[in-house]
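Architecture at a glance
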Amino acid sequence: TNDWVYIDSPTATAAKLVYLGPPGVEEVAAVFKSQMIRSGWKEEKTTVVRRPVPEPPQTVMEFAKGADTCRVTLEATSAGTHIEVTVARVKTLPH
């Protein structure tokens, strides 16, 4: 991995992993989707965010599994696919 962060607050726990994958955003997205669904995650939505030139578009995939959410953001770079995976769980607050 190239970078990561872990957050534990009173209301949520989240982890973010950032790394460089192989070229081909569409292919990487298809692999992620397949693996997530096979692991019991439900695809909530996938969005392609168009940005001003020269910025490449971003593919943002959102998944849910029980109390957990996962967002996968993919972006083409000259070195490969920039990948950010963020998994979060909202904590239940005591009454």
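To be clear, the structure that these remarks concern was listed above.
The model shown is predicted, which means the values in this text are computed figures rather than measured ones. (Residues numbered from 1 in each chain as written. Predicted model: local features only at pLDDT ≥ 70, side-chain atom pairs only at ≥ 80, totals over all residues. Heavy atoms only, no water.)

Side note on the overall build of the protein
- On a plain count of helices and strands, the protein comes out with one helix and six strands.
- Secondary structure elements in the protein, listed N-terminal to C-terminal, are β-β-α-β-β-β-β.
- Taken along its principal axes, the extent of the C-alpha atoms in the protein is 50 × 25 × 25 Å.
- In the protein, buried positions account for 27% of the 95 residues.
- Partitioning the intrachain contacts of the protein with sequence separation of at least 6 by distance along the chain shows that 43% fall at a separation of at least 24. (Helix = DSSP H or I, 4+ residues; strand = E, 2+ residues; numbered from the N terminus. Buried < 20%, exposed > 50% of the residue type's maximum accessible area, 1.4 Å probe, protein only. Contact = heavy atoms within 4.5 Å.)

Observations concerning the pattern of salt bridges
- The full count for this structure, using the stated rule, is seven salt bridges.
- One salt-bridge network, in which partners are shared between bridges, spans Arg51, Glu55 and Glu75. (Salt bridge = Lys/Arg side-chain N within 4 Å of Asp/Glu carboxyl O.)

Notes on the environment of Val49
- With respect to the element layout, Val49 can be found in strand S3 (residues 42-49).
- A residue is classified by how much of its surface remains accessible, and Val49, at 32% relative accessible area, is partly exposed.
- With 35 residues separating them in the primary sequence, Val49 and Glu84 have C-alpha atoms 15 Å apart.
- Setting aside residues up to four positions removed in sequence, Val49 forms contacts with Pro57, Gln58 and Val60.

Some thoughts on the sheet that holds S3
- Here six strands make up an open sheet; going across it, the order is S1-S2-S6-S5-S4-S3 and the pairing antiparallel. Of all strands in the sheet, those bounded by a partner on one side alone are strand S1 (3-8) and S3. Ignoring which end each strand starts from, the neighbouring axes of this sheet average 10° apart.
- Sheet contacts for helix H1 (residues 25-38): strand S2 (12-21), S3, strand S4 (58-65), strand S5 (68-77) and strand S6 (80-90); angle to S5, the most-contacted strand, approximately 165°. (Pairing = 2+ DSSP bridges. Axes fitted to C-alpha atoms, helices over the stretch in contact; angles between N-to-C directions.)

Examining the pairing of S6
- Inspection of the sheet shows S2 paired to S6 by 10 bridges, in the antiparallel sense. By the bridge assignment, Thr13 is partnered in S6 with Arg89.
- In this structure, the hairpin formed by S5 and S6 is closed by a connection of two residues.

Structural notes on unusual backbone geometry
- Residue Pro54 is reached from Val53 by a cis peptide bond, and omega for that bond is 15°.
- Checked against the element boundaries, Pro54 lands in the loop between S3 and S4.

Considerations on the nonpolar core
- In this structure, Phe32, Met61, Phe63, Cys70, Val72 and Leu74 are the most contacted members of the largest nonpolar core, which totals 13 residues.
- When sequence neighbours within four positions are dropped, the list of residues in contact with Leu74 reads Val25, Val28, Ala29, Phe32, Pro57, Gln58, Thr59, Met61, Thr81, His82 and Ile83. (Core = buried A, V, L, I, M, F, W, Y, C linked by side-chain atoms within 4.5 Å.)

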